[in-house]
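Residues per chain, in single letters:
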Amino acid sequence: MSDTEHLTIVKHPLVQHKLTLMREQEASTAKFRQLLREISQLLAYEVTRNMEMTSKTIQTPLMEMEAPVLDGKKLALISILRAGNGLLDGILELVPAARVGFVGLYRDEETLQPVQYYFKVPDNLGDRLVIAVDPMLATGNSSVAAIDLLKQAGATNIRFLCLLAAPEGVARMKEAHPDVPIITASLDSHLNEQGYIVPGLGDAGDRMFGTK
Ligand SMILES: O=P(O)(O)OC[C@H]1O[C@H](OP(=O)(O)OP(=O)(O)O)[C@H](O)[C@@H]1O
Ligand SMILES: O=c1cc[nH]c(=O)[nH]1
Ligand SMILES: [Mg+2]
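Residues numbered from 1 in each chain as written. Chains lettered and ligands numbered in written order. Predicted model: local features only at pLDDT ≥ 70, side-chain atom pairs only at ≥ 80, totals over all residues. Heavy atoms only, no water.

Q: Which parts of the structure should I look at to understand the packing of aromatic side chains?
A: For any pair of aromatic rings, the description consists of the separation of the ring centres together with the inter-plane angle of the planes. Scanning the model with the defined rule gives 1 aromatic pair in all. The ring centre of Tyr196 lies 5.5 Å from the NZ or CZ of Arg107, which sits over that ring. (Phe/Tyr/Trp six-rings, centres within 6.5 Å; stacked < 30°, edge-to-face > 60°. Lys NZ or Arg CZ within 6 Å of the ring centre and 35° of its normal.)

Below, the structure written as structure tokens:
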């Protein structure tokens with residue numbers, strides 16, 4: 001997979017405008033959550049772009065026609081807890097029949113290593129397009145670990161959707177999972193010493209859920 005196939009940055013003006021509003025430190029919890037939900041639907045448009053299609057015969061008021069419909073087994077959306085849930089709900093509104101799974105991971109603040117606390121995913125992952133969602137791709141340790149687990153559970157066709165990515169995380173994902181395309185709204189500058197994305201937006205989970 002070439003670099004341009006591996007990383008897609010969604011530069012649509014509505015995405016970029018909403019992302020700027022989310023980055024601002026005075027955005028309230030309610031505003032932050034609402035904006036993330038709105039952006040998730042715009043990003044979902046991009047991440048589902050290549051879903052397989054088939055057709056079926058329908059009857060319009062005027063005539064019979066062969067009309068396009070989605071093919072194959074349902075999509076599996078996987079939320080990397082807990083911040084992933086901020087992307088999940090909006091996408092589910094667009095794809096209400098999707099199956100949903102959860103990978104519970106938090107990042108140890110000292111070591112920046114992921115600590116797993118939950119894993120529950122739909123059956124037959126190998127037959128599905130699997131879209132893993134987490135707003136932040138920082139060191140990449142969490143997303144690499146989550147995708148390791150999804151592959152162990154049988155997933156073969158995986159995409160990773162995030163709001164912000166750091167170059168360090170993109171490189172780590174490319175090394176560990178070169179077959180997994182990343183779709184994001186922004187490739188930011190770098191990570192700071194605490195592993196936060198700069199300029200970033202802070203801790204996505206805390207901002208979304210109003211915790212510290
Ligand atoms: O790429 P990494 O360096 O691993 O960092 C990214 C991870 O950090 C955040 O989660 P966090 O650990 O804060 O958990 P939370 O979602 O419960 O807030 C974020 O949602 C990612 O899962
Ligand atoms: O900047 C960052 C890095 C990891 N997790 C976050 O929520 N924000
Ligand atoms: Mg967090």
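Q: Help me understand the UniProt feature "binding site: uracil" (unreviewed entry) in the protein, please; the structure alone is not making it clear to me.
A: Following the UniProt record, one finds the feature "binding site: uracil" (unreviewed entry) at Ile197, Gly202, Asp203 and Ala204. Lining residues of the largest pocket drawn from the annotated list: Ile197, Gly202, Asp203 and Ala204. Counting through the fold element by element, Gly202 comes out in the loop between β14 (197–198) and α7 (204–209). With a relative accessible area of 33%, Gly202 lands in the partly exposed category. Among residues more than four places away in sequence, those in contact with Gly202 are Met136 and Tyr196. Inspection of the secondary structure assignment puts Asp203 in the loop between β14 and α7. (UniProt positions renumbered as here; feature names shortened; annotations may be inferred. 1 Å grid on protein atoms, 1.4 Å probe; cavity = no way out; pocket = protein on both sides within 12 Å on 5 of 7 lines; lining within 4 Å. Helix = DSSP H or I, 4+ residues; strand = E, 2+ residues; numbered from the N terminus. Buried < 20%, exposed > 50% of the residue type's maximum accessible area, 1.4 Å probe, protein only. Contact = heavy atoms within 4.5 Å.)

Q: Explain the pairing of strand β4 (residues 76–81) here, please?
A: As a general feature of sheets, a regular strand has side chains that alternate between the two faces. Of all 6 residues in β4, 6 are buried, a share of seventy percent or more. Where burial is concerned, the two faces of β4 agree: the one with Ala76, Ile78 and Ile80 and the one with Leu77, Ser79 and Leu81 are both buried. Pairing of β4 with strand β5 (residues 99–107) involves 6 bridges; the strand directions are parallel. Counted as the bridge partner of Ala76 is Arg99 from β5. (Pairing = 2+ DSSP bridges.)

Q: Explain the site of ligand 2 to me, please; I cannot follow it from the model alone.
A: Near ligand 2, the surroundings consist of Arg107, Met136, Ala138, Gly195, Tyr196, Ile197, Gly202, Asp203 and Ala204. Between ligand 2 and Ile197 there is a distance of 2.8 Å, counted from an oxygen atom to a backbone nitrogen or oxygen. Gly202 places a polar main-chain atom, nitrogen or oxygen, 2.8 Å from a nitrogen atom of ligand 2. When isolated, ligand 2 has an accessible area of 240 Å², and the protein chains bury 89% of it. (Near = heavy atom within 4 Å. Polar contact = N/O pair within 3.5 Å; in protein donor to acceptor, adjacent residues only side chain to side chain. Areas by Shrake-Rupley, 256 points an atom, 1.4 Å probe, with all protein chains shown as cover.)

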